[in-house]
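Chain by chain, the residues:
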Amino acid sequence: MLLQQLINGLTVGCVYAVIALGYTMVYGILEFINFAHGEIYMLGAYFGIIFLALFTSSGLAASNFPLAFALTVLLTILFCSAYGFTIEKIAYRPLRKAPRLSPLISAIGISIFLQNYVMITQGATDKVFPQKFGDASFNFLGASATSLQLIIIFASGLMMLGLHLFIRKTRTGKAMRATAQDMTMASLVGINVDRIISVTFIIGAGLAAAAGVMVAAYYGLVNYSIGYVAGIKAFTAAVLGGIGNIPGAMLGGVVLGLIESLGSAYVSAEYKDVYAFIILLIILLIKPSGLLGTSVEEKV
Amino acid sequence: MKKGVLFSVCFFVIAAFLVGCGAKKDDTIKVAVAGPMTGSIAKMGSDFKNGATIAVEEWNAKGGVLGKKIEIVIGDDASDPKQAVAVANKLVNGGMAGIVGHFNSSCSIPASEVYNRAGIPMITPASTNPQLTDRGLKGVFRICGRDDQQGKVGAEFVKGKLNSKKVAVIHDKTTYGQGLADEFKKNLSAATEVVYYGGVTIGDKDFKSVLTSVKEKKPEIIYFGGVFPEAGLMVKQAREIGLSSPFMSGDGTIDPKFIEIAGEKAAEGTYLSFSPDPKNIPAAQAFIEKYKAKFGELGPYSIYAYDAMNALLTGIKEAGSADGKPVTDKLHALEFSGALGKYRFTEKGDIAGSPYVIWITKNGKFEEHWKP
């Protein structure tokens, strides 16, 4: 039973972690919380349904489902990245020099807009994600995991590793770290800060979109308001790990998923959503910078 | 000067509205259909609307009621108790002669207070929580059964037919879900052990932790008090973690979307307490034909909304007035024959007799399975 709960928790935790990366990356550079990030995740879930329906009607999903699903994920990431890029351009960039509250309010506005936009265009009722994964599950030591759970855990791990390598090893990654440390200095040494910020939003949105499609396929049920709760949970994960800190967001997400799962199994399921926030309060009281947060000292 | 123009425009707009309202009030009788027109169970709301619309169209074709045309006003509560109260106030101010609604018990109960204060009768086609009619409000009626009857039928089925010794009970913490689950639990005999009892959050998508705990207890049947989005996900996820015990739920789950969400294979063999199949009731056939031609497949509550609207309009006609008090009195005394059979309201506003039977999910369809 413990193993089963750990698998359940890890699946959810990986999703939180992937979404949390978007919050933490943006915070690391711009020091503001992108409240519209949860909506990108919701858009990802919807795009997933739309593209998969497209492939189903064209017959690709019937003949080669893994290819159709992979293409769906890819296209979804592409479209949502475009959303992330555009949102930054129109809603945050003009406010870069404004007081810090202004982009925050702008983010909440975008969030409300996207929710209602999806509600009006896609309808207010739940959409069902076609169940094509079969019910093959893998049993070991009395616990079982579906193929989709394994895909989610594996893909999330891969994305996190990829992001980590990207930030540590590439030139753009180095520029991102530099921009996060000091935007003015970074621009003085020839880094195109605007471009780096765009890249950050594109990557963050792409990750959220991937999480959205995977979750839509996993639960099979999508509506326009799923971005809110997922966003709040992922934000909690980011703060838990230390906001602005990328490995912290990954750790925070996984820890949060496990706490929720174990809490509802061994204490009471009725307070499932409460555990996350209790842990958040405790962390903020004891170690305000989060589990791995040291970013405060980096800034001078 | 500019301000003056603005004011006069405003004045004319407001005046026009008032004139418009006044003129309308005279030649129509307004009745409202209230329920979740948006939100995750918006389908139930549109089923209400469709069923009631057919009733009103039939009356209007015969010349309306009290010599006036009937006009339907739609109220959307989005399954939210707060919004239900707001909508109820709006409908009361709009001069309704009566209300058909709401869907969720958690909306019907607070809204009924508002209607009661204004003296407007309400008939709900779907709210089954006992509290709705147990508070002694005179103008509150329901045309469906009560959760205590429904929970009892479920418990009788589990005791008598399935002979289950170990039962798990899960609810969604709402007035309806928890009420139903508690009634079910109360009516189980001492021979049946409740091995798990707990709540989940409505709108949540992940129930695997709860289900893993339930699986550990090895129940022979799992009773869920809640509505179809959660029920569908729960059945699906139970099968994914290898929990194969059959599920049982109430009338809130009997919707084709339940099977769509859970998947045909996972949903197979789920028991549901609900009223008898209208397809087997001769008097309902005319309505079903008409509904299918106009709106497509019948929703679970379309026919109740139709009967509720007919009861309300019959009450208005018999009372000879659209005022709340005489209509309420008339409804209490009314013996009325609807598409689902004969109705008589009890002193409380419930219908006489228990209408529930047990249904089963088979090959992606619901069918009647057992009668108490």
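Residues numbered from 1 in each chain as written. Chains lettered and ligands numbered in written order. Predicted model: local features only at pLDDT ≥ 70, side-chain atom pairs only at ≥ 80, totals over all residues. Heavy atoms only, no water.

Novice: Before we go on, may I ask you to explain the interface of chain B and chain A in this structure?
Specialist: By convention, interface size is frequently given as the accessible area that disappears when the constituent parts associate. On the side of chain A, 30 residues touch chain B, which itself brings 34 residues to the contact. Here chain B and chain A share an interface that buries about 2600 Å² over both sides, 50% of which is from carbon and sulfur atoms. The three residues of chain B that bury the most area against chain A are B:Lys205, B:Asp206 and B:Ser209, which together make up 21% of that side's buried surface. In this structure, the connection of chain B to chain A is made through one salt bridge. Salt-bridge contacts for A:Lys272 lead to B:Asp204; the nearest nitrogen and oxygen are separated by 2.8 Å. At the boundary of chain B with chain A, the tally comes to 15 residue pairs in polar contact (both at pLDDT 80 or more). Of all elements in the fold, only helix H2 (42–61), strand S7 (193–199), helix H8 (208–216), helix H9 (228–240) and helix H10 (256–262) of chain B reach the threshold of two or more residues within the side of chain B that touches chain A. The element contributing the most residues to the side of chain B that touches chain A is H8(B), with seven residues. In the side of chain B that touches chain A, the residues fall into eight nonpolar, 13 polar and 13 charged. (Contact = heavy atoms within 4.5 Å. Buried area = accessible area lost by both parts, 1.4 Å probe. Salt bridge = Lys/Arg side-chain N within 4 Å of Asp/Glu carboxyl O. Polar contact = N/O pair within 3.5 Å; in protein donor to acceptor, adjacent residues only side chain to side chain. Helix = DSSP H or I, 4+ residues; strand = E, 2+ residues; numbered from the N terminus. Nonpolar A, V, L, I, M, F, W, Y, C, P; charged D, E, K, R; others polar.)

Novice: Honestly, unusual backbone geometry in this entry has me stumped. Any pointers?
Specialist: Among all residues save glycine, negative phi is the norm, and among peptide bonds the norm is trans. Residues and elements named next belong to chain B. In this structure, His 102 follows Gly 101 across a cis peptide bond, with omega equal to -5°. In this model, Ser 79 sits at a positive phi of 60°, which is unusual for a non-glycine residue. Following the sequence through the fold, Ser 79 ends up in the loop between strand S2 (69–76) and helix H3 (81–93). Residue Ser 79 is classed as partly exposed on the basis of its relative accessible area of 24%. (Buried < 20%, exposed > 50% of the residue type's maximum accessible area, 1.4 Å probe, protein only.)

Novice: Is there a simple way to think about the packing of helix H1 (residues 2–30) of chain A against helix H11 (residues 246–266) of chain A in this case?
Specialist: Residues and elements named next belong to chain A. One way to put it is that H1 packs onto H11 with a least axis distance of 6 Å and a crossing angle of 145°. Remark: the crossing between H1 and H11 carries right-handed chirality. The class makeup of the residues in the contact of H1 with H11 is 17 nonpolar, eight polar and one charged. (Axes fitted to C-alpha atoms, helices over the stretch in contact; angles between N-to-C directions. Left-handed = near helix turned anticlockwise from the far one by under 90°.)

Novice: What exactly am I supposed to notice about the packing of aromatic side chains here?
Specialist: To describe a pair of aromatic rings, you give the distance between the ring centres and the angle between the ring planes. Throughout the structure, instances matching the rule amount to 25 aromatic pairs over all chains. Centroid distance A:Tyr23 to A:Phe235: 5.8 Å. Interplanar angle 55°. Geometry classified as tilted. Within this pair, whereas A:Tyr23 is found in helix H1, its partner A:Phe235 is found in helix H10 (residues 226–241), the two being separated by 212 residues in sequence. Pair check on accessibility: A:Tyr23 and A:Phe235 agree, each one buried. Considering the side-chain rings of B:Phe336 and B:Tyr343, the 5.7 Å spacing of their centres and the 15° angle between planes classify their relative orientation as stacked. One aromatic cluster is present, built from ring pairs that chain together B:Phe48, B:Phe103, B:Phe274, B:Tyr301, B:Tyr304 and B:Trp359. Between the NZ or CZ atom of B:Lys62 and the centre of the ring of B:Trp59, over which it lies, the distance is 5.4 Å. The cationic tip of B:Lys185 hangs over the ring face of B:Tyr197; the distance from NZ or CZ to the ring centre is 4.2 Å. (Phe/Tyr/Trp six-rings, centres within 6.5 Å; stacked < 30°, edge-to-face > 60°. Lys NZ or Arg CZ within 6 Å of the ring centre and 35° of its normal.)

Novice: Quick question: what am I supposed to make of the sheet that holds strand S5 (residues 140–142) of chain B here?
Specialist: Pairing between sheet strands relies on hydrogen bonds along the backbone, with the strands arranged either parallel or antiparallel. Residue and element names in this part refer to chain B. What the five strands build is an open sheet, ordered S2-S1-S3-S4-S5; its pairing is parallel. At either margin of the open sheet sits one strand with a lone partner, and together these are S2 and S5. With direction set aside, neighbouring strand axes in the sheet form an average angle of 25°. Two strands pair when backbone bridges link them, and strand S1 (residues 28–35) and S2 are joined in this way by eight bridges, in the parallel orientation. Counterpart to Ile 29 in the pairing with S2 is Ile 70. In this fold H3 packs onto S1, S2 and strand S3 (98–100), with an angle of close to 155° to the strand it touches most, S2. Against the sheet, helix H4 (residues 105–118) engages S1, S3, strand S4 (122–124) and S5, with an angle of about 165° to S4. (Pairing = 2+ DSSP bridges.)

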